[in-house]
Protein chains: 2
Amino acid sequence: MAYSEIKISAYKPEGFLKSYTELVRKKMLPYQYRVMKDDEGCEKSGVFSNFINAAKVLKGEKAGPFYGMVFQDSDAGKWIEAVGYSLALSSDKQLEDKTDELIDLIANAQDKDGYLDTYFTISNKEKRWTNLLEAHELYCAGHLIEGACAYYEATGKDKLLSVVVKNALHIYDKFITEKKEGYPGHPEIELALLKLYRITGEEKFLELSKHFIDVRGADREYYKKEKESRNWSVWGNNAEDNYYQQSHAPVREQTDAVGHAVRAVYLYTAMADLSAETGDNSLYDACKRLWRSIVDKKLYITGGIGSVFQGESFSADYHLPSDTAYSETCAAIGLMFFAQRMLKNEVKGEYGDVMEQAFYNTVLSGIELTGKAFYYANPLEAVPGISGCTATHWHDKITRPGWHACACCPPNAARTISSIGKYAYGENNDTVFCHLYAAGEVNFSNGISLSCKTEYPYSADVDYKIKGNGILAVRIPHWSKNTTVYKNNSPISPEIKEGYAYIKASDNDEIRLCLDMTPRIVYPSEKLYNLSGKGAICKGPLVYCFEGVDNNGKVLNAFIDGNSSIEAEDFDIPLSTGTKRLKIKGYIRKTAEGLYSDKKPEIIPAELYAIPYFLWANRGENQMRVWMDIR
Amino acid sequence: MAYSEIKISAYKPEGFLKSYTELVRKKMLPYQYRVMKDDEGCEKSGVFSNFINAAKVLKGEKAGPFYGMVFQDSDAGKWIEAVGYSLALSSDKQLEDKTDELIDLIANAQDKDGYLDTYFTISNKEKRWTNLLEAHELYCAGHLIEGACAYYEATGKDKLLSVVVKNALHIYDKFITEKKEGYPGHPEIELALLKLYRITGEEKFLELSKHFIDVRGADREYYKKEKESRNWSVWGNNAEDNYYQQSHAPVREQTDAVGHAVRAVYLYTAMADLSAETGDNSLYDACKRLWRSIVDKKLYITGGIGSVFQGESFSADYHLPSDTAYSETCAAIGLMFFAQRMLKNEVKGEYGDVMEQAFYNTVLSGIELTGKAFYYANPLEAVPGISGCTATHWHDKITRPGWHACACCPPNAARTISSIGKYAYGENNDTVFCHLYAAGEVNFSNGISLSCKTEYPYSADVDYKIKGNGILAVRIPHWSKNTTVYKNNSPISPEIKEGYAYIKASDNDEIRLCLDMTPRIVYPSEKLYNLSGKGAICKGPLVYCFEGVDNNGKVLNAFIDGNSSIEAEDFDIPLSTGTKRLKIKGYIRKTAEGLYSDKKPEIIPAELYAIPYFLWANRGENQMRVWMDIR
């Protein structure tokens with residue numbers, strides 16, 4: 001393993017990241033709690049009532065029906081995980097009490113043998129483990145494990161940890177001792193078991209994680225046989241579409257990122273984590289191939305993946321539509337996971353770059369600044385009257401809905417933001433790793449402490465003050481063409497290896513990183529056939545977009561002057577702070593009447609204004625475009 | 001009625017149109033005959049076997065199962081119709097014998113009471129008339145009526161006519177005498193009954209057509225009630241999606257072209273035909289609104305309509321994607337029908353313009369030059385590796401398949417091409433109408449004859465020689481900016497009314513029309529958000545496209561110089577004749593390695609070559625693009 005994760009309480013954020021961790025703790029988590037209790041007026045959730053009803057069934061009492069998606073329990077797991085991380089950053093009695101209440105409900109919903117899944121406990125007991133393809137039992141178990149681990153780490157309370165250990169041992173008995181065939185339709189438990197293994201030291205959890213990874217795709221007929229041997233279905237999933245659930249080949253033989261994007265990156269995350277944990281090079285080689293498939297052929301400039309609604313999945317190579325993009329928030333989150341686990345195998349700038357790209361653009365785009373509305377899909381182009389309004393665009397909404405029938409994304413974003421320290425920092429015996437530029441204080445287990453001051457991502461300077469002696473390994477992003485490093489105000493030339501600067505530092509040293517955040521135009525490969533002639537404006541890690549509200553209503557008929565200078569200026573978007581917008585010379589095309597005309601469009605000069613993509617759709621319904629014609 | 005259709009034998013084509021009517025008679029119809037008999041190696045059809053099996057069932061013999069779509073019989077109707085028109089142009093004993101053989105099979109498949117539909121006769125007798133929403137009984141009846149009318153007109157043989165008259169009277173009894181509620185899920189019989197009325201003079205058929213039009217959408221709950229009262233379904237269609245089948249409002253109140261595009265234009269065709277027949281202005285007003293909805297907001301430059309695969313339907317206003325276009329061949333054919341019936345209400349250039357636009361671009365694009373492969377969907381952009389290869393693009397194939405499970409388009413194209421005279425010409429007491437520039441001889445019922453010589457659509461001159469005295473009303477297309485008309489070699493200035501020149505002519509007069517066919521760039525409205533900055537090259541009625549095979553393999557990364565002159569040059573495409581290709585100055589963008597780059601693309605000058613859109617995909621798998629960046 002190249003380095004270890006920091007403890008979740010080791011990093012206390014400041015600045016931009018703190019504004020988001022506080023949004024999670026103060027707004028998103030209380031809101032999501034009310035949603036899960038069905039106390040908000042939005043789309044019903046049923047998470048609480050499901051646990052209550054399952055407990056009643058176990059006690060032989062009269063119970064209400066199961067509500068929602070078959071994987072509804074997972075929302076609780078992700079929410080508790082986010083609470084855990086949040087409590088590690090800041091105590092919050094109310095939130096902790098609410099969580100303990102929910103944990104009691106979960107514990108009561110666990111069957112004597114350790115089984116825990118409300119969909120099956122409420123009314124489908126006889127169907128347990130008969131539909132790994134669709135029924136998400138192992139997926140829900142994984143999310144409860146992740147929640148339990150985080151909550152235990154943050155609070156020391158082990159009630160939920162005991163519950164998930166019992167459930168994990170039950171699953172171990174089923175799949176290892178009893179040798180039940182099969183593997184999860186939706187990967188998740190594999191990566192969760194690795195966390196549980198690290199927390200408990202129980203080797204069985206490592207063994208079970210490795211088992212699910214090893215058997216996946218080895219028997220390509222498994223789901224087909226499973227379907228033939230059961231007489232029920234959740235959605236009628238095609239059991240022979242092995243690509244959808246990444247069971248088309250044993251994982252070590254997989255080469256292309258395919259199928260349901262979240263399933264894919266959750267699987268790749270577990271594979272990379274296991275390879276870092278065990279030094280399994282054949283697994284890491286597969287991860288590297290899958291990484292290249294994503295990064296070279298299937299990655300939106302916003303760090304989004306999974307470009308089509310159908311199957312929420314990866315499309316053909318180089319098929320990255322803007323207006324119909326799926327680019328699910330959860331898939332970008334999963335890509336961060338994958339990148340972070342790749343870093344644990346090898347500290348390489350590209351992994352950190354992509355992790356940052358996904359976070360600052362698509363993950364944050366998933367959240368309205370109110371903390372109470374969320375994107376599932378994150379298009380790169382929005383067209384009022386078409387986006388959200390027609391068959392090809394139902395999934396791409398013009399503003400964020402308050403909740404979703406499939407509510408995977410909101411709590412997923414919450415847990416990712418509140419654990420941002422695990423992505424930002426890492427450590428070794430004598431080295432501390434700074435993958436993201438994250439303002440705040442970090443206390444590493446190796447005795448080193450860092451204080452980081454920066455207005456990143458809006459400003460290019462990052463100041464570290466170190467306590468203790470060691471090496472500071474700081475990522476130099478690919479987009480910074482001209483980076484200078486100062487130690488105690490003198491420029492230095494540290495060793496640069498694979499995109500990281502390795503700086504030897506002693507107690508009280510001050511290290512300053514000056515990145516080159518000149519706004520730039522990024523051009524797409526000619527293989528992206530839909531983007532020929534276009535470019536995107538970026539500044540540092542941020543992709544910018546043009547929104548109607550800043551541009552007299554219209555941006556879809558605009559183009560920009562590729563030789564114009566791009567100026568950054570302070571800009572106020574309500575509920576946001578420190579935002580810079582970019583001003584660039586451009587033009588508006590005014591076309592003749594009628595659908596088609598022989599008349600050349602009139603070209604009208606205009607100052608065009610771009611805002612960071614993640615802030616779009618916070619000011620009503622608007623045209624929006626990332627990729628602009630460049631002339 | 002503004003004018004009457006010519007008789008189907010009145011026009012004998014020459015030149016370009018003859019090459020297509022001959023392709024239909026010599027290649028397409030024999031090929032489709034073998035397909036319907038399951039004698040070709042492509043997708044199975046089952047049309048013949050279905051009629052044979054239905055006859056067996058009626059005789060109480062052991063019969064095989066029904067094969068194919070519930071509307072499989074309609075292929076026979078359309079094929080016979082195409083044969084009828086073809087025989088009117090040229091005798092063909094073989095084809096006539098084959099048709100008589102098929103007609104015998106159809107006659108044997110008719111039940112004693114007149115009922116005729118193999119799907120229900122073979123094995124679902126008790127379900128007759130219980131599922132108008134999905135089961136296409138009235139649709140199939142309509143196509144057999146159209147086939148019978150054409151075959152009777154061409155050959156005088158009335159066997160099939162008697163069969164369909166008996167069936168139509170059976171339907172009349174059901175819906176008028178017995179007052180069965182409901183109306184066809186897929187309009188078609190309405191327009192067919194009007195043809196049958198004109199041939200037989202039977203007022204019941206006019207009454208029944210009017211009935212189906214009048215009751216449509218009056219009871220918006222009809223399909224819902226129907227679904228509730230039956231216990232079977234063909235596809236599980238949503239009975240409450242009234243927009244899909246244009247039952248959301250009484251037809252006279254409909255304003256926007258919505259839902260399944262073919263259903264829509266077949267309905268509008270019948271409405272316009274009925275209004276021309278009866279002078280029903282409220283119906284014509286609705287037709288005019290629906291026409292505007294299509295032409296102003298939902299029409300591809302290629303004359304295609306119905307832009308999305310989902311529901312094969314119209315999308316939101318101004319949503320006309322290029323690479324995922326549905327633009328079904330049948331929908332463009334239906335738009336020709338609608339335009340032709342609008343012309344029967346009022347002779348206006350726009351109707352003729354759109355009819356021509358749909359024909360020369362999308363209808364002909366539906367057919368490979370071999371006559372043995374067909375497009376269902378007609379995209380305006382093709383991307384090897386993506387088109388036909390991924391979820392959003394399954395329907396947009398990179399080359400034409402030999403047949404389709406739903407085989408509506410191939411015989412539909414055949415019947416439309418072979419009856420092109422009915423679209424090209426019309427007549428009044430003293431006037432002959434030339435809607436299309438159609439080389440050949442025309443003998444009108446009013447005693448006038450025309451001889452037309454032209455190499456249209458490749459050449460701009462059209463020469464008419466008239467026999468008899470009267471008025472020649474010739475459309476002047478909107479794209480001809482500079483049209484001159486000569487009478488006996490002297491320029492004249494005829495009266496121009498609503499886009500038609502009205503030229504008084506006497507016996508032996510020679511009228512020459514010189515259109516302005518200068519190649520031009522057509523610019524899309526800024527409302528077409530996906531086309532901003534683009535333009536299409538057109539020449540006369542033809543939209544051109546750029547195909548890889550003529551441009552070193554790559555056109556998707558090219559752009560054209562909007563100020564460059566466009567030169568036409570003769571060009572040979574195998575199996576095509578008289579083609580001109582266009583040469584235009586342009587550039588290729590060569591981009592840096594990687595998916596994204598800060599490096600500006602290199603711009604490499606290139607001569608670019610465009611061919612008529614309808615000829616694309618006749619030379620293997622290629623990139624193709626209609627809308628090109630214009631700089």
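Because the structure is predicted, anything quoted here is derived from the model rather than measured.

Describing the overall build of chain A
Then, in step 1: The helix and strand inventory of chain A stands at 16 helices and 24 strands.
Then, in step 2: Against the compact-globule benchmark of 25 Å for 631 residues, chain A has a radius of gyration of 24 Å, which places it among compact chains.
Then, in step 3: For the C-alpha atoms alone, the extent of chain A along its principal axes is close to 75 × 70 × 50 Å.
Then, in step 4: In chain A, which comprises 631 residues, the proportion classed as buried is 65%.
Then, in step 5: Considering only contacts within chain A whose residues lie at least 6 apart along the sequence, 71% involve residues at least 24 apart.

As for the environment of proline 477 of chain B
All names here are of chain B.
Then, in step 1: Note on placement: proline 477 falls in the loop between strand 9 (470-475) and strand 10 (484-487).
Then, in step 2: A residue is classified by how much of its surface remains accessible, and proline 477, at 2% relative accessible area, is buried.
Then, in step 3: Each C-alpha atom, one on proline 477 and one on isoleucine 420, is 18 Å from the other, the two residues being 57 residues apart in sequence.
Then, in step 4: Dropping the residues within four chain positions of it, proline 477 is found in contact with Asp353, Tyr437 and Leu515.

Observations concerning the packing of aromatic side chains
Residues and elements named next belong to chain B.
Then, in step 1: With the rule as written, the count across this model stands at 74 aromatic pairs over all chains.
Then, in step 2: Look at tyrosine 3 and phenylalanine 433: their rings are 5.3 Å apart centre to centre, the planes differ by 40°, and that puts the pair in the tilted class. Residue tyrosine 3 is located in the segment before strand 1 (4-5), and its partner phenylalanine 433 is located in strand 5 (residues 431-434); the two are separated by 430 residues in the primary sequence. Taken individually, tyrosine 3 and phenylalanine 433 each receive the classification buried, so the pair is uniform in this respect.

Focus on the domain arrangement of chain A
Many authors give the size of an interface as the accessible area that is lost as the parts come together.
All names here are of chain A.
Then, in step 1: The domain architecture assigned to chain A consists of domain 1 (428-514) and domain 2 (520-630).
Then, in step 2: Placing the centre of domain 1 and that of domain 2 at their C-alpha centroids yields a distance of 34 Å.
Then, in step 3: Taken residue by residue, the interface counts four residues in domain 1 and 13 residues in domain 2.
Then, in step 4: Contact with domain 2 buries area across many residues of domain 1, yet Pro457, Tyr458 and Trp479 alone supply 92% of it, more than any other trio.
Then, in step 5: The tally of links between domain 1 and domain 2 comes to zero salt bridges.
Then, in step 6: Between domain 1 and domain 2 we count two residue pairs in polar contact (both at pLDDT 80 or more) in total.
Then, in step 7: Across the side of domain 1 that touches domain 2, the residue classes break down as four nonpolar, no polar and no charged.

Regarding empty space enclosed by the protein
Residue and element names in this part refer to chain B.
Then, in step 1: Evaluation of the coordinates by the stated rule reveals ten cavities of 30 Å³ or more.
Then, in step 2: Estimates place the volume of the largest cavity at around 110 Å³.
Then, in step 3: Where the lining of the largest cavity is concerned, the elements lending two or more residues are helix 3 (73-89), helix 8 (189-200), helix 13 (329-345), helix 15 (409-418) and helix 16 (420-424).
Then, in step 4: Here the lining of the largest cavity takes three residues from helix 13, the largest share from any one element.

Observations concerning the nonpolar core
Then, in step 1: Counting residues in each nonpolar core, the largest one holds 225 residues, and the members touching the most others are Ile294, Tyr425 and Tyr464 of chain A.
Then, in step 2: Leaving out residues up to four positions away in the same chain, isoleucine 294 of chain A has contacts with Ala257, Val265, Tyr268, Leu299, Ile305, Phe314, Leu335 and Phe338 of chain A.
Then, in step 3: In terms of nonpolar packing, the next biggest core, distinct from the first, is built from 224 residues, Met28, Leu105, Cys330 and Val442 of chain B among them.

Examining the relation of the copies chain B and chain A
Then, in step 1: In screw terms, the move from chain B to chain A is a rotation of 180° and a rise of 0.0 Å along the axis, fitting with an RMSD of 0.0 Å. These values place the two chain copies in the arrangement generated by a two-fold rotation axis.
Then, in step 2: Take the interface residues of chain B: 100% of them recur as interface residues in chain A, which is what a same-surface contact looks like.

Section: the packing of helix 13 of chain B against helix 15 of chain B
Residue and element names in this part refer to chain B.
Then, in step 1: Following both chains from N to C, one finds helix 13 and helix 15 inclined at 30°, their axes separated by 9 Å at the closest point. Judged by the angle between their axes, helix 13 and helix 15 are roughly parallel. In this structure, helix 13 crosses over helix 15, and the sense of that crossing is left-handed. Residues Thr329, Cys330, Ile333, Met336 and Phe337 of helix 13 lie in contact with helix 15, whose contacting residues are Cys409, Asn412, Ala413, Arg415 and Thr416.
Then, in step 2: Along the lines of polarity and charge, the residues of the contact of helix 13 with helix 15 split into six nonpolar, three polar and one charged.

Points about the interface of chain B and chain A
Then, in step 1: Each partner contributes residues to the interface: chain B has 58 residues there, and chain A has 58 residues.
Then, in step 2: Taking both partners together, chain B and chain A bury about 4500 Å²; carbon and sulfur atoms supply 52% of that area.
Then, in step 3: Three residues, Tyr529, Leu595 and Tyr596 of chain B, lead the burial of chain B against chain A; their summed loss comes to 19% of the area buried on that side.
Then, in step 4: Run the count over chain B and chain A and you get six salt bridges.
Then, in step 5: Measuring nitrogen to oxygen at the nearest pair gives 3.3 Å for the salt bridge that ties lysine 481 of chain A to aspartate 598 of chain B.
Then, in step 6: Applying the counting rule to chain B against chain A returns 30 residue pairs in polar contact (both at pLDDT 80 or more).
Then, in step 7: Of all the secondary-structure elements, those providing two or more residues to the side of chain B that touches chain A are helix 12 (281-297), strand 15 (520-524), strand 20 (580-590), strand 21 (596-597) and strand 24 (628-630) of chain B.

As for the side chain of asparagine 622 of chain A
All names here are of chain A.
Then, in step 1: You can see asparagine 622 is positioned in the loop between strand 22 (602-612) and strand 23 (624-625).
Then, in step 2: Here valine 549 takes part through its backbone nitrogen, which lies 2.8 Å from a polar atom of the side chain of asparagine 622.
Then, in step 3: Those residues within four positions of asparagine 622 in sequence are excluded, and the remaining contacts are Ala382, Pro384, Ile398, Glu547, Gly548 and Val549.

Focus on the pairing of strand 7 (residues 449-454) of chain B
Walk down a regular strand and you will see the side chains alternate between the two sheet faces.
All names here are of chain B.
Then, in step 1: Among the six residues of strand 7, five are classified as buried, and the element is accordingly described as predominantly covered.
Then, in step 2: Bridging between strand 6 (residues 440-443) and strand 7 involves four bridges; their strand directions are antiparallel. Considered in strand 7, the bridge of glutamate 441 is made with serine 451.
Then, in step 3: Hairpin connection of strand 6 to strand 7: five residues between the antiparallel strands, including glycine 447 at a positive phi of 95°.
Then, in step 4: For strand 7 and strand 8 (residues 461-467), the ladder comprises six bridges, and the chain directions are antiparallel. Across the sheet, residue leucine 450 finds its bridge partner in strand 8, namely isoleucine 466.
Then, in step 5: Hairpin connection from strand 7 to strand 8: six residues lie between these consecutive antiparallel strands.

A short note on helix 14 (residues 349-365) of chain A
Then, in step 1: Along its 17 residues, helix 14 of chain A runs 23 Å from first to last C-alpha, staying within 8% of the 24 Å computed at 1.5 Å per residue.
Then, in step 2: In terms of residue burial, helix 14 of chain A counts as a mostly covered element, since 16 of its 17 residues are buried.

Comments concerning the pattern of salt bridges
All names here are of chain A.
Then, in step 1: Tallied over the entire structure, the rule returns 104 salt bridges over all chains.
Then, in step 2: Measuring nitrogen to oxygen at the nearest pair gives 3.5 Å for the salt bridge that ties aspartate 317 to lysine 298. Residue aspartate 317 is found in the loop between helix 12 (281-297) and helix 13 (329-345), and its partner lysine 298 is found in the loop between helix 12 and helix 13; the two are separated by 19 residues along the sequence.
Then, in step 3: Residue aspartate 317 is classed as partly exposed on the basis of its relative accessible area, which comes to 28%.
Then, in step 4: Salt-bridge contacts for glutamate 510 lead to lysine 465; the nearest nitrogen and oxygen are separated by 3.9 Å. Of this pair, glutamate 510 sits in strand 14 (residues 510-514) while lysine 465 sits in strand 8 (residues 461-467), and the two are 45 residues apart along the sequence.

Rules used throughout
- Residues numbered from 1 in each chain as written.
- Chains lettered and ligands numbered in written order.
- Predicted model: local features only at pLDDT ≥ 70, side-chain atom pairs only at ≥ 80, totals over all residues.
- Heavy atoms only, no water.
- Helix = DSSP H or I, 4+ residues; strand = E, 2+ residues; numbered from the N terminus.
- Rg over C-alpha atoms; globule rule 2.2 N^0.38 Å.
- Buried < 20%, exposed > 50% of the residue type's maximum accessible area, 1.4 Å probe, protein only.
- Contact = heavy atoms within 4.5 Å.
- Phe/Tyr/Trp six-rings, centres within 6.5 Å; stacked < 30°, edge-to-face > 60°.
- Domains from an automatic or database assignment.
- Buried area = accessible area lost by both parts, 1.4 Å probe.
- Salt bridge = Lys/Arg side-chain N within 4 Å of Asp/Glu carboxyl O.
- Polar contact = N/O pair within 3.5 Å; in protein donor to acceptor, adjacent residues only side chain to side chain.
- Nonpolar A, V, L, I, M, F, W, Y, C, P; charged D, E, K, R; others polar.
- 1 Å grid on protein atoms, 1.4 Å probe; cavity = no way out; pocket = protein on both sides within 12 Å on 5 of 7 lines; lining within 4 Å.
- Points joined across faces, edges and corners; volume = space filled by probe spheres on them.
- Core = buried A, V, L, I, M, F, W, Y, C linked by side-chain atoms within 4.5 Å.
- Least-squares fit on C-alpha atoms with pLDDT ≥ 70 in both.
- Axes fitted to C-alpha atoms, helices over the stretch in contact; angles between N-to-C directions.
- Parallel < 35°, antiparallel > 145°, perpendicular 65-115°, else oblique.
- Left-handed = near helix turned anticlockwise from the far one by under 90°.
- Pairing = 2+ DSSP bridges.
- Expected span 1.5 Å × (residues − 1).

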